[in-house]
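Architecture and fold: a report
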Amino acid sequence: MRIAYARVSTDKQELYRQLDALEKVGYDKLIQEKFTGTQKKRAGLDSLFNTVRSGDTVIIESISRLGRKTLDILSTVEELKEQGVEVISLKENLDTSTPTGQAMFQMMAVIAQLERDLTVQRVNEGLASAKARGVKLGRPRMDEQKVKDALRLYDSGHYSVKDIIRITGISQGSLYRKIKERESKQLSSDVNYKVKEPKD
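Heads up: these notes are all about the structure in this document. A quick note: this is a predicted structure, and the numbers were derived from the prediction, not measured.

1. Describing the sheet that holds strand β3 (residues 57-60)
Sheet architecture is open: five strands sit in the order β2-β1-β3-β4-β5, paired in mixed fashion. Edge positions in the sheet fall to β2 (29-34) and β5 (94-95), since each has one partner strand and no second. Two strands pair when backbone bridges link them, and strand β4 (residues 86-89) and β5 are joined in this way by two bridges, in the antiparallel orientation. Residue pairing for β5: Ile88 is matched across the bridge by Asp95. Helix-sheet contacts for helix α1 (residues 16-25) involve β1 (2-8), β2 and β3, and the interaxial angle to β1 is about 170°.

Have a look at this one:
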């Protein structure tokens, strides 16, 4: 079965151009949606994967209809290929069932891997440069005054955790962690006091 898939990013955009191109080559079923390609979870794309069967062909007007990021597009095509489904992109003249199409797809994979490697390299070089200049890396230390204020509000019993977070700006996880640390220290202190307490 030949399944056509069309997508635009917003409700203001129209699918007419894509639909016209897809109708020229023909299809058995059409799946369309208006949803941003930066999000991988899409109802239309999910419907596409639920519809296709081994031996089917997915037809798109452009490879970019499957997503905006190269890695996401490649991942989608690979998932379809694993299910025995071929992909035809009209704009790029890409057909994964042909040797030329497979070669183009492999080139895209190589470029995507190169982009990823270069990104990692730039990040590592940036970290090394910052470290050489004496910049301390890692999570920034929490403002101790904010912690004290948060604990004071918590001890007062007049504020909810939600209010404390809003007032002080610290996260809920940080607040609970500090409360637990304080309780642990208090418990340890009580135990030490009982051990050292002289007997009558």
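2. Quick word on the pattern of salt bridges
In total, this model carries six salt bridges according to the counting rule given. The closest approach of N and O atoms between Glu86 and Lys81, which form a salt bridge, is 3.0 Å. What makes Lys81 partly exposed here is its relative accessible area of 31%. Here Asp155 makes a salt bridge to Arg182, at a shortest N to O gap of 2.7 Å. Of this pair, Asp155 sits in helix α5 (residues 144-156) while Arg182 sits in helix α7 (residues 172-196), placing them 27 residues apart in sequence.

3. Here's the deal with the packing of α5 against helix α6 (residues 161-168)
α6 packs onto α5 with a crossing angle of 150° between their chain directions and a minimal axis gap of 10 Å. Here α5 lies roughly antiparallel to α6, going by the angle between them. Where α5 crosses over α6, the handedness of that crossing is right-handed. Between α5, through Lys146, Asp149, Ala150, Leu153 and Tyr154, and α6, the contact on the second element is made entirely by Ile164, Ile167 and Thr168. Tallied by class, residues from the contact of α5 with α6 come to five nonpolar, one polar and two charged.

Definitions and cut-offs
Residues numbered from 1 in each chain as written. Predicted model: local features only at pLDDT ≥ 70, side-chain atom pairs only at ≥ 80, totals over all residues. Heavy atoms only, no water. Pairing = 2+ DSSP bridges. Helix = DSSP H or I, 4+ residues; strand = E, 2+ residues; numbered from the N terminus. Contact = heavy atoms within 4.5 Å. Axes fitted to C-alpha atoms, helices over the stretch in contact; angles between N-to-C directions. Salt bridge = Lys/Arg side-chain N within 4 Å of Asp/Glu carboxyl O. Buried < 20%, exposed > 50% of the residue type's maximum accessible area, 1.4 Å probe, protein only. Parallel < 35°, antiparallel > 145°, perpendicular 65-115°, else oblique. Left-handed = near helix turned anticlockwise from the far one by under 90°. Nonpolar A, V, L, I, M, F, W, Y, C, P; charged D, E, K, R; others polar.

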